Amino acid sequence: MLEVRRIQTCYGNIQALKDVSLEIFEGEIIALIGANGAGKTTTLMSVCGLTPPRSGDVLFEGQSILGLAPERLVAKGIVQVPEGRRIFPNMTVLENLEMGAYLRQDKAGINQDLDYVMKIFPILAQRRTQVGGTLSGGEQQMLAISRALMARPRLLLLDEPSLGLAPLVIKQIFDIIRKINQENKTTVFLVEQNANQALKLAHRGYVMENGRITLTDTAANLLDNEQVRKAYLGL
Ligand code: ATP
């Protein structure tokens, strides 16, 4: 579904990504793990064109998506949940969710999806008239994921959904990501520093160090890998 082909991405003179290649098949949950500053967010931003690679290519279903405007990507079904959630703080929960569906015209489908996200995150139904900025961190993350779901993503890009959240909330959010993957066949590309949780959720994983992919395997094998256990799982 997605193929990242030898991309190099720079911030001025700093080369953040060095020859990064990876592939994601339809229906998979892929985790990209690595230390702070390894280049995980840059990889995600390069995929959705926010930090365009200097060379290499990004293909979605065999076609290059480099240089496409964000709304073109959303129309293709590629939807991102950025790090730090970035919901609209002055809009209500319901308005935030409606913003997620801004490219859609199918009112019945939109209402059906509103019901779906409020069913998987019942707290959002309770808070539907509350402004986003007053929600807790976990609730904002739920809202950010739900807003993305309102665009009916085929490929959901998630940047550190666990960041700053309590373990119980992380579990709840990761359980829902699994459910979304299973029920809607949504493909998930998950960037996470929380390697343990991410690999328990994912089918396969990539390990990133200093701007390069250094290891890739099934998530189960990565959880068992001595090097990964020492460096990322604290075992
Ligand atoms: P984190 O988990 O902290 O977000 P990360 O693995 O996502 O880390 P990136 O944020 O992609 O890493 O950063 C990769 C490298 O690029 C780092 O050396 C970082 O300092 C640098 N970098 C990231 N954003 C910028 C920027 N806007 N300007 C300059 N350098 C940047």
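Q: Before we move on, can you summarise the domain arrangement of the chain with the specific residues and values?
A: It is common to give the size of an interface as the accessible area that goes away when the parts come together. Splitting the chain by domain gives domain 1 (1–77 + 153–235) and domain 2 (86–152). Computed over C-alpha atoms only, the centres of domain 1 and domain 2 are separated by 23 Å. Every contact between the two is made by 18 residues of domain 1 and, on the other side, 14 residues of domain 2. Surface buried jointly by domain 1 and domain 2 totals about 1300 Å² across both partners, of which 77% is contributed by carbon and sulfur atoms.

Q: Which residues make up the site of the ligand, and what values do they have?
A: Among the 13 residues in the neighbourhood of the ligand, the closest are listed as Asn-36, Gly-37, Lys-40, Thr-41 and Thr-42. Between the ligand and Ala-38 there is a distance of 3.0 Å, counted from an oxygen atom to a backbone nitrogen or oxygen. At 2.9 Å, a side-chain N or O of Gln-193 approaches an oxygen atom of the ligand. If the ligand stood free it would expose 620 Å²; the protein chains cover 63% of that surface. Counted by class, the shell around the ligand contains four nonpolar, six polar and three charged residues.

Q: So what's going on with the pattern of salt bridges? Which residues, and what values?
A: Scanning the model with the defined rule gives twelve salt bridges in all. Salt bridges sharing partners connect three or more residues here, namely Arg-104, Asp-106, Asp-113 and Arg-152.

Q: Would you mind going over the layout of surface pockets in detail, with residue names and values included?
A: Put simply, the largest pocket is a space of about 500 Å³. In this structure, the largest pocket is lined by 18 residues; those nearest its centre are Pro-70, Val-74, Val-79, Gln-80 and Tyr-102. For the lining of the largest pocket, a count of residues per class yields 14 nonpolar, two polar and two charged. Counting residues domain by domain, the lining of the largest pocket receives three or more from each of domain 1 (1–77 + 153–235) and domain 2 (86–152). Leu-149, Arg-152, Pro-153, Asn-184 and Thr-186 are the residues nearest the centre of the second largest pocket, which is lined by 13 residues in total. Counting residues per element, the lining of the second largest pocket draws most heavily on helix H4 (residues 107–120), at three residues.

Cut-offs and rules
- Residues numbered from 1 in each chain as written.
- Predicted model: local features only at pLDDT ≥ 70, side-chain atom pairs only at ≥ 80, totals over all residues.
- Heavy atoms only, no water.
- Domains from an automatic or database assignment.
- Contact = heavy atoms within 4.5 Å.
- Buried area = accessible area lost by both parts, 1.4 Å probe.
- Near = heavy atom within 4 Å.
- Polar contact = N/O pair within 3.5 Å; in protein donor to acceptor, adjacent residues only side chain to side chain.
- Areas by Shrake-Rupley, 256 points an atom, 1.4 Å probe, with all protein chains shown as cover.
- Nonpolar A, V, L, I, M, F, W, Y, C, P; charged D, E, K, R; others polar.
- Salt bridge = Lys/Arg side-chain N within 4 Å of Asp/Glu carboxyl O.
- 1 Å grid on protein atoms, 1.4 Å probe; cavity = no way out; pocket = protein on both sides within 12 Å on 5 of 7 lines; lining within 4 Å.
- Points joined across faces, edges and corners; volume = space filled by probe spheres on them.
- Helix = DSSP H or I, 4+ residues; strand = E, 2+ residues; numbered from the N terminus.

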